[in-house]
Amino acid sequence: MGSGASKEGDEGSKEERDTSGGQQLYVSLKMENFKLTGDLLPHVYGSLPLVASWDPSKALPMERESVSMWELSFVVPPNHETLDFKFLLKPKDSNAPCFVEEGPSRLLVGGALQEDTRLALFRLDSDEVLEYQVFVKADRVSPFDLAASWRAYQDNFRPSSVRWIPDISINSAPQTGGENGSSAGLELDLEHYVVPTPPTSANSAHVYAANLTENPRSLMSVSGSNSYPIKELEVAVPDPSKMFQSSGMVESKSVGTFSPLQKQENQRGLFVDRGVGSPRLVKSSSSNIFSTDLNLDHDTKNSMPAAAGAVAAAAVADQMLGPKEDRRLAIILVGLPARGKTFTAAKLTRYLRWLGHNTKHFNVGKYRRLKHGANQSADFFRADNPEGVEARNEVVALAFEDMISWMQEGGQVGIFDATNSNKKRRNMLMKLAEGRCKLIFLETICNDVNIIERNVRLKIQQSPDYAEEPDFEAGLQDFKNRLANYEKVYETVEEGSYIKMIDMVSGHGGQIQVNNISGYLPGRIVFFLVNTHLTPRPILLTRHGESQDNVRGRIGGDTALSEAGELYRKKLANFVGKRLKSERAASIWTSTLQRTILTASPIVGFPKIQWRALDEINAGVCDGMTYEEIKKNMPEEYESRKKDKLRYRYPRGESYLDVIQRLEPVIIELERQRAPVVVISHQAVLRALYAYFADRPLNEIPHIEVPLHTIIEIQMGVTGVQEKRYKLMD
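- For the chain, the name recorded in an unreviewed UniProt entry is CBM20 domain-containing protein, with Clitoria ternatea as its organism.

Here it is, written out as structure tokens:
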């Protein structure tokens, strides 16, 4: 069933392909012995579609179906319907000789065994003869039915050997000398296994966070510090009577959701989308005529998030019932310097982008440095300096207008990062936002002098404002003077809609106050902020060890580990023990599929938690198939997936957007954890998790490299996110 065999089948004659009516031959080989010895493992070898070789070292392992039964099943391509094979027994000790069944090989032609079923006899070194009952079954099945039944077969007829273990277990697997012995051990220096990270990986901790924000479009042509003319502030408020005018259909860019409503003969219609590759039809509630000619309003179409499920449903509800400005949200940061505003803004931006909301971070300090230079002293920030106040108000207005312009081009959430430390400034922003976007103030308050001192020192080390100041102490004193100027006029938020984060950065308590907050997205923002903190800790991401389905090229399934996977789990346990030996606490998270649970089993000393949300992407009816089989038997689905892997949803399965939605609780819990976490999961899931930490665009997620037998270490801390990769095996 490998790719080579499938390609040969594609190149066969039309007559040969049509003889089975589009069906495939499904073969099941079973061996049964009620007196099995646990040291001998049944295998099959010979002229088979999976490995056409009479080399015993390349024999295919059979899987245990029950206490006495072993089984191997596969799909035979049309050009390989003559099978010539034998059974053999392999000792667990790979250096010991194999035992091949006596007698001639077995011949299966077109699904019919060319002899009466006979016992499989094996003569051991002690002249003892082992007898196995043999069962050979071959059926013609359609590819669709075969794939649809695969997961049910796995779940109901072959229970996993690790099923029924509790969701949380501490030290459930005893540690033996063989599990972490020197044969599978690591070098004492873990750095020996470090490999280069991708060029677009998580941001380095040495990058100043404000430099990663949106570039000031209105100032990019400015070369001198005083070349931009200062204008009087003009605020344009649109006519409310025209705010609700809308034409045509509002299209949802999400998968598996409905979008509102197409005007057709004064009737409301409904747009239903199963996924990429499905019919995109609009039907009037009073008509049986379907139409695919959609004339979309550009403004409303761009305001829809590229998301799925509840995120898209909330956006649909806002567009159906809410005023136009509610479709755009401005989060206005408020707070004294060195209180974590930019850090909070960066985390919130990353989270909302990952959920599918078009979000950008606008830092006013970046505008100020470009317009007036980076070498402004503390006097520039005095409230009794009219020139400084006017200059700072000017760059605030420029940044806000840039944000509004971006929203009018399709942006949804703007994070406006500045001190905004008094009511006069905030009233100016509220007037600018009136009729154009919904506005929420987000105030960060910190009373911990140690945290403030740490943040101040980081500011001097990283901020471009002090890049040309060679004397650290002089820069430190200037910044403290600037801070004192802000403290003299600071007024806490009491107006409008607001969220106050009070002493939340440490992760040890604090409080959040909210006022006049409603709606799905503001609610998600509050929930996210409640669970964030700055406690440094590593998060280790790794795929399970290589599984038997990985070897066979099948997607989905719930098979056990291959020989390489067995070796990796031992190396992983050794790595985790050495990497986290100095940590007071840590936890191991896996999916509910046995290949991740088996990979985690040798790790001792830490609680193990199973998450169904960490299960691999559901391939639906394609579960258990190879991509070559999907390409041959379901070409339309194959091409649809190829065109848009992000939004493509397997029939009766999931898309990457669906995976992101179910992973949101995992992200929230990872943010809330203060101890290290080891996540052992699957490729699609880890791509989505990694994209969150690395702030990668949604459309890149299906293509992120997450290789087998490699550990991605994400370091969470006050200065941002760093990444390191360890490759334990080739």
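So much for the structure itself; the text now carries on.
**A look at unusual backbone geometry**
At step 1: Phi is positive for Asn 516, which is not a glycine, with a value near 55 degrees.
At step 2: At Arg 652, a position not held by glycine, the phi torsion is positive, near 60 degrees.
At step 3: Structurally, Arg 652 is set in the loop between α17 (635-643) and α18 (656-672).

**A short note on the pairing of strand β28 (residues 607-610)**
At step 1: Burial of the side chains of β28 is restricted to one face: Lys 608 and Gln 610 are buried, whereas none of Pro 607 and Ile 609 on the reverse face is.
At step 2: Across three bridges, strand β27 (residues 587-590) lies against β28 in parallel orientation. By the bridge assignment, Ile 588 is partnered in β28 with Lys 608.
At step 3: This β-α-β element, β27 to helix α15 (residues 594-600) to β28, shows right-handed connectivity.

**Side note on the environment of Ile 704**
At step 1: Among the secondary structure elements, Ile 704 is positioned in the loop between α19 (683-694) and β30 (710-717).
At step 2: Looking at Ile 704, the relative accessible area reads 2%, which means it is buried.
At step 3: Residues Ile 704 and Ala 688, spaced 16 residues apart in sequence, show a C-alpha to C-alpha distance of 8.7 Å.
At step 4: If sequence neighbours within four positions are ignored, Ile 704 has contacts with Arg 687, Tyr 690, Ala 691 and Arg 696.

**Re the pairing of strand β21 (residues 359-363)**
At step 1: For β21, the buried fraction is high: four of the five residues fall into the buried class.
At step 2: Strand direction decides the pairing type here: β21 and strand β22 (residues 413-417), joined by five bridges, are parallel. The residue bridging Lys 360 from the neighbouring strand is Gly 414, located in β22.

**Some remarks on the UniProt feature "binding site: substrate" (unreviewed entry) in the chain**
At step 1: Within this structure's numbering, the places UniProt gives as "binding site: substrate" (unreviewed entry) are Arg 543, His 544, Gly 545, Glu 546, Ser 547, Gln 548, Asp 549, Asn 550 and Arg 595. In sequence the annotated residues extend across 53 residues, while in space they remain close, none of their C-alpha pairs exceeding 14.1 Å.
At step 2: Ignoring any residue separated from it by four or fewer positions in sequence, one finds Gly 545 in contact with Asn 550, Leu 561, Gly 565, Tyr 568, Thr 599 and His 709.
At step 3: Contact partners of Gln 548, with chain neighbours within four places excluded, come to Glu 63, Thr 559, Ala 560, Leu 561 and Ser 562.

**Structural notes on the environment of Ser 601**
At step 1: By secondary structure assignment, the location of Ser 601 is in the loop between α15 and β28.
At step 2: Residues Ser 601 and Ala 573, spaced 28 residues apart in sequence, show a C-alpha to C-alpha distance of 8.4 Å.
At step 3: At a separation of 2.6 Å, a polar atom in the side chain of Ser 601 contacts the side chain of Arg 569.

**As for the sheet that holds strand β11 (residues 120-123)**
At step 1: Across the sheet, which stays open at both edges, the five strands sit in the order β5-β6-β1-β12-β11 with antiparallel pairing between neighbours. Each edge of the sheet is formed by a strand with only one pairing partner; in this case those strands are β5 (63-64) and β11.
At step 2: Two strands pair when backbone bridges link them, and strand β1 (residues 24-32) and strand β6 (residues 69-76) are joined in this way by eight bridges, in the antiparallel orientation. Bridging from a neighbouring strand, Lys 30 pairs with Glu 71 of β6.

**A closer look at the environment of Met 729**
At step 1: Within the secondary structure, Met 729 sits in the segment after β31 (720-727).
At step 2: Residues Met 729 and Tyr 193 lie 536 residues apart in sequence; the distance between their C-alpha atoms is 8.9 Å.
At step 3: Sequence-distant contacts of Met 729, that is, excluding residues within four places in its chain, are made with Ala 564, Leu 567, Tyr 568, Lys 571 and His 709.

**Thoughts on the packing of helix α8 (residues 386-408) against helix α9 (residues 423-433)**
At step 1: With their axes 11 Å apart at the nearest point, α8 and α9 run at an angle of 30 degrees to one another. With respect to their mutual orientation, α8 and α9 come out roughly parallel. Along this stretch, α8 crosses α9, giving a crossing that reads as right-handed. Facing Arg 392, Asn 393, Val 396, Phe 400 and Glu 401 of α8, the residues of α9 in contact are Arg 425, Met 428, Leu 429, Leu 432 and Ala 433.
At step 2: Residue composition of the contact of α8 with α9, by class: six nonpolar, one polar and three charged.

Definitions and cut-offs
- Residues numbered from 1 in each chain as written.
- Predicted model: local features only at pLDDT ≥ 70, side-chain atom pairs only at ≥ 80, totals over all residues.
- Heavy atoms only, no water.
- Helix = DSSP H or I, 4+ residues; strand = E, 2+ residues; numbered from the N terminus.
- Buried < 20%, exposed > 50% of the residue type's maximum accessible area, 1.4 Å probe, protein only.
- Pairing = 2+ DSSP bridges.
- Right-handed = clockwise from strand over helix to strand, strands pointing away.
- Contact = heavy atoms within 4.5 Å.
- UniProt positions renumbered as here; feature names shortened; annotations may be inferred.
- Polar contact = N/O pair within 3.5 Å; in protein donor to acceptor, adjacent residues only side chain to side chain.
- Axes fitted to C-alpha atoms, helices over the stretch in contact; angles between N-to-C directions.
- Parallel < 35°, antiparallel > 145°, perpendicular 65-115°, else oblique.
- Left-handed = near helix turned anticlockwise from the far one by under 90°.
- Nonpolar A, V, L, I, M, F, W, Y, C, P; charged D, E, K, R; others polar.

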